Amino acid sequence: MIKKLPDWEERYHNFMVENKDRDFQWGEWDCVTFADAAFQAMTGESLIPDELSWKDEETAKQSIESYGDKGYKAQGI
């Protein structure tokens, strides 16, 4: 089971402050990569598998569809 780091609140706050003005960019800074980066700030771990990548809305949908819910199953969620 993944656990939050002892200083997760400070780390999350710093993450939000540092990234509040970042521009949206598919595959680099979108809703999925943002959520994963926030999770990583609090836990030190990423949930996005290395083999997943996308560059636009179309390839994002393809990546999600091809991967399915394997991520949640792999994490025991």
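Residues numbered from 1 in each chain as written. Predicted model: local features only at pLDDT ≥ 70, side-chain atom pairs only at ≥ 80, totals over all residues. Heavy atoms only, no water.

### Examining the overall build of the protein
In plain terms, the rule: To qualify as a helix, a DSSP run of H or I must reach at least 4 residues; to qualify as a strand, a run of E must reach at least 2; elements of each kind are numbered from the N terminus. Residue burial is assigned from relative accessible area. The probe radius is 1.4 Å, only protein chains are included, and a residue is buried under 20% of its type maximum, exposed over 50%, and partly exposed in between. For this analysis, residues touch if any pair of their heavy atoms sits within 4.5 Å.
When helices and strands are tallied, the protein shows 4 helices and 0 strands. What you see in the protein, going N to C, is helices and strands ordered as α-α-α-α. Buried positions account for 25% of the 77 residues belonging to the protein. Restricting the contact set of the protein to residue pairs at least 6 apart, pairs at least 24 apart contribute 44%.

### A word on the packing of aromatic side chains
Heads up, the condition is: Centres within 6.5 Å are what make two rings of Phe, Tyr or Trp a pair, Trp counting through its six-membered ring; a difference in plane orientation under 30 degrees is then read as stacked, over 60 as edge-to-face, and the rest as tilted. As a reminder, the over-ring test applies to NZ of lysine and CZ of arginine, requiring each to be within 6 Å of the ring centre and within 35 degrees of the ring normal.
Summed over all chains, the structure comprises 4 aromatic pairs. Seen in terms of ring centroids, Phe-15 and Phe-34 are 5.8 Å apart; in terms of plane orientation they differ by 35°. Their pairing is tilted. In this pair, Phe-15 sits in helix α1 (residues 8–19) while Phe-34 sits in helix α2 (residues 31–43), placing the two residues 19 residues apart along the sequence. In this structure, Lys-4 packs its charged tip against the face of Trp-8, placed 4.1 Å from the ring centre. Above the face of the Trp-29 ring, Arg-22 is positioned so that its terminal group lies 3.7 Å from the ring centre.

### Topic: the packing of α1 against α2
In plain terms, the rule: Orientation is described by axes fitted as lines to C-alpha atoms, over the contacting stretch for helices, and by angles from 0 to 180 degrees between their N-to-C directions. Left-handed describes a crossing in which the near helix is turned anticlockwise from the far one by less than a right angle; the clockwise case is right-handed.
It is the contact of α1 with α2, at a shortest axis distance of 8 Å, that shows an interaxial angle of 145°. Helix-helix and strand crossings are classified by hand; for α1 and α2 the assignment is right-handed. On the side of α1, the interface is formed by Trp-8, Arg-11, Tyr-12, Phe-15 and Met-16, while α2 contributes Phe-34, Ala-37, Ala-38, Gln-40, Ala-41 and Met-42.

### Brief notes about α2
Stated precisely, the cut-off is as follows: Expected helix span is given by 1.5 Å per residue-to-residue step, counting one fewer step than there are residues. A 3.5 Å cut-off defines polar contacts: any pair of N or O atoms within that distance qualifies, except that in protein one atom must be a possible hydrogen donor and the other a possible acceptor, and neighbouring residues in sequence count only when both atoms are side-chain atoms.
End to end, α2 covers 18 Å across 13 residues, agreeing with the expected 18 Å (1.5 Å per residue, within 8%). What α2 keeps buried is the set Thr-33, Asp-36, Ala-37, Ala-38, Ala-41, Met-42 and Thr-43. Where α2 is buried, its residues meet α1. Measuring from the side-chain oxygen of the N-cap residue of α2 to the backbone nitrogen of Val-32 gives 3.0 Å; that N-cap residue is Asp-30. In the segment just after α2, Gly-44 is the residue with positive phi, at about 85°.

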